[in-house]
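# Report on the structure
Listed here are the chains, written in short residue letters.
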Amino acid sequence: RINNTYAPGATNAVKIDGVMTLLVPPNETVYSRSQTTRPPDYVMDCSASGVFIVSVSECSPGREVSKDYAANDTHRYCTMPEPYMIPCDHIEHSSAIGAIVISGLSIGLNLVCVVILLLHWRHPMIRSGQREWLLTLCIGGLLCEMSFPLFTVGAPDARHCVMSGWFISIGSILMLGSLVVKLWRIKRLMLAKTFKKTRVGNAQLAAYVMAMLLVNVILLIVANVVSPVSVEEVQVFTANGDAVFNTQCYREATWPNFVVSGYIALIAIYACSLANEARSLPSALSEGSFVFVAVYNATVTAAMVFAFSSFASDSNVVAMVTAVGLLLACSGTVILILY
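These numbers were taken from a predicted model, which means no experiment stands behind them. (Residues numbered from 1 in each chain as written. Predicted model: local features only at pLDDT ≥ 70, side-chain atom pairs only at ≥ 80, totals over all residues. Heavy atoms only, no water.)

### Overview of the overall build of the protein
Along its length, the protein carries nine helices and seven strands. Burial analysis of the protein (339 residues in total) assigns 36% to the buried set. For the protein, restricting intrachain contacts to residue pairs at least 6 apart in sequence, the fraction spanning at least 24 positions comes to 63%. Summing over all exposed atoms, the protein offers an accessible surface of approximately 19,300 Å²; the carbon and sulfur share of this is 64%. (Helix = DSSP H or I, 4+ residues; strand = E, 2+ residues; numbered from the N terminus. Buried < 20%, exposed > 50% of the residue type's maximum accessible area, 1.4 Å probe, protein only. Contact = heavy atoms within 4.5 Å. Areas by Shrake-Rupley, 256 points an atom, 1.4 Å probe, with all protein chains shown as cover.)

Here you go:
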């Protein structure tokens with residue numbers, strides 16, 4: 001196709017730089033052998049790239065994908081496709097009200113547990129339940145739950161991308177760490193194979209939790225230095241085969257995410273192992289059976305939410321599953337241990 005100025009009555013062929021060139025009126029197409037008349041057997045591939053210009057609307061709450069003709073001759077041989085909807089590339093506040101309400105309920109339950117714990121701080125039952133680790137458990141649960149309304153809902157930016165991972169990671173370590181030291185103390189005192197004086201103080205347990213937290217923070221810092229998280233326009237394909245761009249958190253190297261997640265998974269596996277050993281103890285002697293249920297509740301629920309969120313494409317479904325998962329994994333674990 002040659003786009004050029006066409007004057008009525010002018011010849012169709014002119015010499016340009018010594019070469020005879022065919023001048024074509026606007027909105028006409030040159031076919032094989034310099035013909036400007038459409039051959040009877042001409043068929044245009046309307047599914048080829050470049051035939052239509054694809055545009056995507058803003059989230060409200062979904063996104064509308066519409067098409068326009070990319071060339072003058074496209075409208076002659078191709079039918080204009082109907083617009084269709086695709087999910088948002090992020091969780092919108094207006095469409096995630098139910099998930100935000102559930103998340104708020106989860107945070108509220110955890111705050112109530114913290115207030116009750118502080119009001120009864122000197123109660124013999126609270127003291128026997130290792131109150132310092134009960135408080136650590138509540139703080140860890142709060143960090144995990146707050147990551148959803150603060151850093152998961154809304155259009156992603158660099159702050160959202162970084163802080164959501166930090167909140168969830170550190171909150172998980174505080175929750176799992178407090179459960180691990182409680183179980184480890186039970187194992188040392190109640191499951192000892194020999195009768196001898198054994199003392200496990202809070203200072204020793206605090207050192208273990210701080211060591212776990214320190215390793216986690218170092219891994220997070222290394223991950224952000226080696227492969228910083230940024231907000232990128234990532235090309236994806238819709239179910240109709242159209243290429244669109246999603247704004248999402250992006251990290252060039254994926255191994256830092258696997259390292260941090262793997263570290264948390266190892267602590268969870270160790271906690272499950274300790275819980276399995278302590279579950280047979282009578283509740284009159286220790287809280288091993290309750291901690292066993294709490295550990296498996298947090299671990300299994302978190303694994304299910306992570307797996308489902310990785311494969312789900314609808315942001316509203318992901319929001320609801322994440323909110324319910326945090327309610328069960330965080331608030332559920334705190335309530336199981338505290339009461």
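The rest of the description comes next.
### Observations regarding the nonpolar core
F148, I173, L183, I267, V295 and I337 are the most contacted members of the largest nonpolar core, which has 52 residues in total. Sorting elements by how many residues they give to this core places helix 5 (residues 158–190) first, with eleven residues. Not counting residues within four places of it along the chain, the set of residues in contact with I173 comprises S178, M212, L213, N216, Y263, I264 and I267. (Core = buried A, V, L, I, M, F, W, Y, C linked by side-chain atoms within 4.5 Å.)

### Considering helix 6 (residues 202–226)
Here helix 6 spans 36 Å end to end across 25 residues, near enough to the 36 Å set by a 1.5 Å rise per residue. Taken residue by residue, helix 6 has L205, V209, M212, L213, N216, L220 and A223 as its buried positions. (Expected span 1.5 Å × (residues − 1).)

### A short note on a nonpolar patch on the surface
A surface patch of nonpolar side chains, amounting to about 720 Å² of accessible area, comprises L214, I218, I221, V222, V225, V226, W255 and V259. Those elements giving two or more residues to the nonpolar patch turn out to be helix 6 and helix 7 (255–278). The greatest single-element share of the nonpolar patch, amounting to six residues, is contributed by helix 6. Mapped onto the fold, V222 is located in helix 6. (Patch = residues over 30% accessible without salt bridge, like charges linked within 9 Å, V, L, I, M, F, W, Y side chains within 5 Å. Salt bridge = Lys/Arg side-chain N within 4 Å of Asp/Glu carboxyl O.)

### A word on the packing of aromatic side chains
A full pass over the atoms with the stated rule returns one aromatic pair. Seen in terms of ring centroids, W184 and Y208 are 5.2 Å apart; in terms of plane orientation they differ by 90°. Their pairing is edge-to-face. In this pair, W184 sits in helix 5 while Y208 sits in helix 6, placing the two residues 24 residues apart along the sequence. (Phe/Tyr/Trp six-rings, centres within 6.5 Å; stacked < 30°, edge-to-face > 60°.)

### Here we look at the pattern of salt bridges
Close approach of charged atoms allows side chains of opposite charge to pair. The full count for this structure, using the stated rule, is one salt bridge. The shortest N-O distance in the salt bridge between R131 and E132 comes to 3.7 Å.

### Comments concerning the pairing of strand 6 (residues 230–237)
The sheet contact formed by strand 6 and strand 7 (residues 243–250) spans eight bridges and is antiparallel. The partner of S230 across the bridge, within strand 7, is Y250. (Pairing = 2+ DSSP bridges.)

### Things to note about the pairing of strand 4 (residues 63–69)
In the sheet, strand 3 (residues 52–56) pairs with strand 4 via five bridges, with the strands oriented antiparallel. Along strand 4, the bridge assignment pairs S55 with S66. In this antiparallel pair of consecutive strands, strand 3 and strand 4, the connection spans six residues. In this sheet, strand 5 (residues 84–86) lies alongside strand 4 in antiparallel orientation, the contact comprising three bridges. Pairing of R63 across the sheet is with I86, part of strand 5.

### Remarks on the packing of helix 6 against helix 7
Closest axis-to-axis distance for the helix 6/helix 7 pair is 9 Å, and the angle between their directions is 170°. What the angle tells us is that helix 6 and helix 7 run roughly antiparallel. Contacts between helix 6 and helix 7 involve A211, M212, V215, N216, L219, L220, A223 and V226 on the former and, on the latter, W255, P256, V259, V260, Y263, I264 and I267. Of the residues contributing to the contact of helix 6 with helix 7, the split by class is 14 nonpolar, one polar and no charged. (Axes fitted to C-alpha atoms, helices over the stretch in contact; angles between N-to-C directions. Parallel < 35°, antiparallel > 145°, perpendicular 65-115°, else oblique. Nonpolar A, V, L, I, M, F, W, Y, C, P; charged D, E, K, R; others polar.)

### A look at the sheet that holds strand 4
Adjacent strands of a sheet form backbone hydrogen bonds with each other and so pair up, either parallel or antiparallel. Strand order in the open sheet formed by three strands is 3-4-5, with antiparallel pairing between adjacent strands. Every other strand in the sheet has two partners, leaving strand 3 and strand 5 as the edge strands with one partner each. Each strand axis lies, on average, 35° off the axis of its neighbour in the sheet, ignoring direction.

### Focus on helix 7
Its 24 residues give helix 7 an end-to-end C-alpha distance of 34 Å, which sits within 8% of 34 Å, the value for a rise of 1.5 Å per residue. Listed as buried for helix 7 are P256, V260, Y263, I264, I267, A268, A271, C272, L274, A275 and A278.

### Regarding the environment of F167
Along the chain, F167 falls in helix 5. When the C-alpha positions of F167 and L142 are compared, they lie 9.2 Å apart, and in sequence the two are 25 residues distant.

### Quick look at the side chain of T322
With respect to the element layout, T322 can be found in helix 9 (residues 315–338). Ignoring sequence-local partners within four residues, the contact set of T322 consists of F148, V305 and S309.

Read these as spatial facts, not as claims about activity.
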